[in-house]
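Spelled out from the first residue to the last, the chains are:
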Amino acid sequence: MSDTDETQLEARLADQTEFEPPESFVEQANVTDPDIYEEFEENWPDCWERAADLLDWETDHDEVLVDDDEPFYEWFVGGELNASENCVDRHLEDRGDELAIQWEGELGETRSYTYEELHREVNECAAALRDLGVGEDDIVTMYMPMVPELPIAMLACARIGAPHSVVFAGFSADALATRMNAADSEYLVTCDGYYRRGDGLDHISKANEGLEGVDHETTTVVVDRLGDDLDHELGDDQLDYDDLVADYEGESVEPVVRDAEDMLFLMYTSGTTGKPKGVKHTTGGYLSYAAWTSHSVLDVKPDDTYWCSADIGWITGHSYIVYGPLALGTTTVMYEGTPDYPDKDRMWEIVENYEVDQLYTAPTAIRAFMKWGEEYPEQHDLSSLRLLGTVGEPINPKAWKWYYKHIGNESCPIVDTWWQTETGGMMITTLPGIATMKPGSAGPPLPGIDAQVVDESGEEVAPGEAGYVTVNKPWPGMLRTLYRNDDRFINEYWEAYSDEEADEWVYFPEDGAKIDDDGYITILGRVDDVINVSGHRLGTMEIESAVVDVEGVAEAAAVGGDHDMKGEAVYTYVILEDGYEESEEMRQSIVEGVEDGIGPIARPEQVIFTPELPKTRSGKIMRRLLEDIANDDDLGNTSTLRNPDIVDDIQEKVRSD
Ligand code: ATP
Ligand code: MG
């Protein structure tokens, strides 16, 4: 393409606000009938049979939904099943020789498991765990990086009816101890280490340090990932994974029949707002919902090679690397390392090598790709891609369009999926074979999901006005409670909008949002993140999008800092694209960009250029901290950050500016 063509194309894309799903995609999509929304509404809650029907049940349910004790809802009551049987065994007959897991290590080594092989591994691991004493309903903690033994151990636990609690490997020793203590978990599966940017990273020392803080006896199984690259000694109550499993070669374990409402796993939320909650998910409702959304939103088919680049230590990895894709019998890709090792084209190399059909990633990653430049994806053939997805944070239109053009070649629909650890699966997003896409807006609630945008009193807001997301009806994938803390479950999620006297229960996710005339919901960010300037409520997402729209800006964070006159004033932290430099001119275009995009009311008080933003381990911008910096407040604990060193630099800058 010539430079002028290229410029014209960019200009057209920049102006375009709506995109239709490509014809070629629609023709083959799993869900294409727009009546599905009406059907679900009319047949609610029986519509959810459609999700349950994607699974094999040992016993069918008697009732779809039991709501005698709200908000403690029960789904598919009377039904019985096993999650490991659904994710592995039932595919053996037709797909035994097809790949279940395609794993790639950071150094380039690969391991793949057919369903047959996965079945063997899961059985052996299940037999071993059972002999170690793991019984039904004993919680097994996993503190593991992205190695195949992680999904294998999760499925092994599911097979014997032992809920797992996966603790993200990047979390601290303390975080491990707190979670094991809170769950009385007596078993840990962990790993000696893993590779990051070519170096073997010690993980076992951290695990051992964590175990010292556990207040009861434990048994630990250690996967040897690093071999000779890290010598490690096993303690008295520690076993080597391979040695242990070798004793059970060829053994099979009958999947334990689980009640639909039996716990499948416990997952502590990522802690962006700083207070971990033990979210409880169940076997029938969760698995049905993960399978249904993988089918309808990610368009997963058995013959696909599907890649979600999240870490299994987050809910996204649970639902959309492990349970959803494997329940549907597809090939799920797992990558151990970082996207820029050995070079910034690593993701695209993986897409090309495995001919990935769907890629599901996070806005933070997309903004990094954008910053690095399109020359990296351009080095690879990405034509196997059929669908793109994002999750975790709002995606600003500029990043959406970059993803659409440079990764999807304008021929893949993008699903911007809003959901939470608590919701188990996607809640608000377009159905890719049906709906018009609007960059920056997640889309309408999925069929059967009754989500609204309301004001403080619970009244629906007019289109265009800022309000809060609420969910007015239960759904199968929802959390059942916070582990051992029913009270907190109620105050955290239900108290704000429910009318207990009238027995009307409303789930409150604590996110701000807007809705448009077509019912599309734009998430504005967390409720805590809304900035109040002279009585005007501004969403961080809107300001950030206006800043990122300025040429040369790769990423931005907006927060409110105290201001004598306005109450709060807008502070923006800005990362520039490679090849651009901080200047007064740049600062000026950013200020003007915000004034033009939103209005003078949102005019940034200060623009701070920084090479990085403080991020949580899951890659979300830690706005709370940026707010403290703007206010020159005490920063408290910064150890949960992925990049704690950046904080001092930014603080220095703000003070000197
Ligand atoms: P914690 O609840 O512990 O503070 P967290 O909310 O970051 O942590 P998650 O459950 O992983 O933990 O993230 C869910 C949140 O992520 C949502 O409530 C929302 O704020 C944000 N989010 C997820 N997907 C999207 C999306 N597509 N658009 C906008 N925001 C999103
Ligand atoms: Mg949350």
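Cut-offs and rules
Residues numbered from 1 in each chain as written. Chains lettered and ligands numbered in written order. Predicted model: local features only at pLDDT ≥ 70, side-chain atom pairs only at ≥ 80, totals over all residues. Heavy atoms only, no water. UniProt positions renumbered as here; feature names shortened; annotations may be inferred. Helix = DSSP H or I, 4+ residues; strand = E, 2+ residues; numbered from the N terminus. Rg over C-alpha atoms; globule rule 2.2 N^0.38 Å. Buried < 20%, exposed > 50% of the residue type's maximum accessible area, 1.4 Å probe, protein only. Lys, Arg positive; Asp, Glu negative; His and termini not counted. Charge placed at Lys NZ, Arg CZ, Asp CG, Glu CD. Axes fitted to C-alpha atoms, helices over the stretch in contact; angles between N-to-C directions. Parallel < 35°, antiparallel > 145°, perpendicular 65-115°, else oblique. Left-handed = near helix turned anticlockwise from the far one by under 90°. Contact = heavy atoms within 4.5 Å. Domains from an automatic or database assignment. Pairing = 2+ DSSP bridges. Core = buried A, V, L, I, M, F, W, Y, C linked by side-chain atoms within 4.5 Å. Phe/Tyr/Trp six-rings, centres within 6.5 Å; stacked < 30°, edge-to-face > 60°. Salt bridge = Lys/Arg side-chain N within 4 Å of Asp/Glu carboxyl O.

- If you look the protein chain up in an unreviewed UniProt entry, it shows as Acetate--CoA ligase from Natronomonas pharaonis.
- Of the comments in the UniProt record for the protein chain, the one headed Sequence similarities (unreviewed entry) reads "Belongs to the ATP-dependent AMP-binding enzyme family."

### Some words on the overall build of the protein chain
Argument step 1. Along the protein chain, the regular secondary structure elements total 22 helices and 30 strands.
Argument step 2. Taking 657 residues into account, the globule formula puts the C-alpha radius of gyration at 26 Å, and the protein chain, at 24 Å, falls close to it.
Argument step 3. Along the three orthogonal principal directions, the C-alpha set of the protein chain runs to about 70 × 60 × 55 Å.
Argument step 4. The burial tally for the protein chain puts 60% of its 657 residues in the buried class.
Argument step 5. Of the side chains in the protein chain, 45 bear a positive and 145 a negative charge, and the two mean positions are spaced by 4 Å.

### A word on the packing of helix H9 (residues 173-182) against helix H10 (residues 204-212)
Argument step 1. Between H9 and H10, whose axes approach to 8 Å, the crossing angle comes to 45 degrees. It follows that H9 is oblique to H10 by the angle criterion. Along this stretch, H9 crosses H10, giving a crossing that reads as right-handed. Contacts from Ala173, Leu176, Ala177 and Met180 of H9 reach H10 at Lys206, Ala207, Glu209, Gly210 and Leu211.

### So, the domain arrangement of the protein chain
Argument step 1. Each domain of the protein chain was delimited in the assignment, giving domain 1 (113-256) and domain 2 (534-656).
Argument step 2. Between the C-alpha centres of domain 1 and domain 2 there is a distance of 40 Å.

### A word on the pairing of strand S8 (residues 187-191)
Argument step 1. Among the five residues in S8, five count as buried, and that is most of the element.
Argument step 2. Residues of S8 alternate between two faces, with Tyr187, Val189 and Cys191 on one and Leu188 and Thr190 on the opposite face, all of them buried.
Argument step 3. With four bridges joining them, strand S6 (residues 140-143) and S8 adopt parallel strand pairing. Bridging from a neighbouring strand, Tyr143 pairs with Thr190 of S8.
Argument step 4. Where S8 and strand S11 (residues 219-223) come together, five bridges link them in parallel fashion. Bridge pairing in S11 links Cys191 to Val223.

### Some words on the side chain of Arg95
Argument step 1. Tracing the sequence through the fold places Arg95 in helix H6 (residues 92-95).
Argument step 2. Once you skip the residues sitting within four places of it in the chain, Arg95 turns out to touch Tyr115, Pro302, Asp303 and Gly329.

### Quick word on the nonpolar core
Argument step 1. Ranked by internal contacts, the top residues of the largest apolar core, which has 117 residues, are Trp48, Leu118 and Tyr323.
Argument step 2. Per element, the largest residue contribution to this core is nine residues, and it comes from helix H8 (residues 149-160).
Argument step 3. Once residues within four sequence positions are removed from consideration, Trp48 is found in contact with Phe40, Val64, Trp75, Phe76, Tyr289, Trp292, Pro447, Gly448, Ile449 and Pro476.
Argument step 4. Counting residues in hydrophobic clusters, the runner-up holds 52 residues, among them Trp372, Cys412, Val553 and Ala556.

### Overview of the packing of aromatic side chains
Argument step 1. Following the criterion strictly, the structure yields 30 aromatic pairs and no others.
Argument step 2. Their ring planes at 85 degrees and their centres at 6.5 Å tell us that Trp307 and Tyr335 sit as a pair that is edge-to-face. One end of the pair, Trp307, is in strand S16 (residues 305-308); the other, Tyr335, is in strand S17 (residues 331-335), and 28 residues separate them in sequence. Across the pair, Tyr335 and Trp307 agree in class, each one buried.

### Looking at helix H15 (residues 363-372)
Argument step 1. In terms of residue burial, H15 counts as a mostly covered element, since eight of its 10 residues are buried.
Argument step 2. Within H15, burial applies to Pro363, Thr364, Ala365, Ile366, Arg367, Phe369, Met370 and Trp372.
Argument step 3. Positive phi appears at Gly373, one or two residues downstream of H15, with a value of about 110 degrees.

### As for the sheet that holds S17
Argument step 1. Across the sheet, which stays open at both edges, the seven strands sit in the order S5-S4-S17-S16-S18-S19-S20 with mixed pairing between neighbours. A strand with exactly one partner marks an edge of an open sheet, and here the two such strands are strand S5 (110-114) and strand S20 (414-417). Each strand of the sheet is rotated relative to its neighbour by a mean of 15 degrees, with strand direction disregarded.
Argument step 2. Alignment of S16 against strand S18 (residues 358-361), held across three bridges, turns out to be parallel. Within the sheet, the bridge partner assigned to Cys308 lies in S18 and is Tyr360.
Argument step 3. Against the sheet, helix H7 (residues 115-132) contacts strand S4 (99-104) and S5, and its axis sits at roughly 90 degrees relative to S5.
Argument step 4. Sitting on the sheet, helix H14 (residues 346-354) touches S4, S5, S16, S17 and S18, and the angle it makes with S4 is about 145 degrees.

### Quick word on the pairing of S11
Argument step 1. Counting buried residues along S11, four of its five residues qualify, which places the element largely inside the surrounding structure.
Argument step 2. In this sheet, strand S12 (residues 238-240) lies alongside S11 in parallel orientation, the contact comprising three bridges. Residue pairing across strands places Val221 opposite Leu239, the latter belonging to S12.

### Notes on the pattern of salt bridges
Argument step 1. As enumerated under the stated definition, the model contains 38 salt bridges in all.
Argument step 2. Between Glu410 and Arg12 there is a salt bridge; the shortest N-O distance is 3.4 Å. Of the two residues, Glu410 is situated in the loop between helix H17 (397-407) and S20 and Arg12 in helix H1 (residues 3-15); the sequence distance between them amounts to 398 residues.
Argument step 3. Residue Glu410 is classed as partly exposed on the basis of its relative accessible area, which comes to 27%.
Argument step 4. One salt bridge in this structure joins Glu349 and Arg346, with 3.4 Å as the shortest N-O distance. Of this pair, Glu349 and Arg346 both sit in helix H14, three residues apart, which is roughly one turn of that helix.

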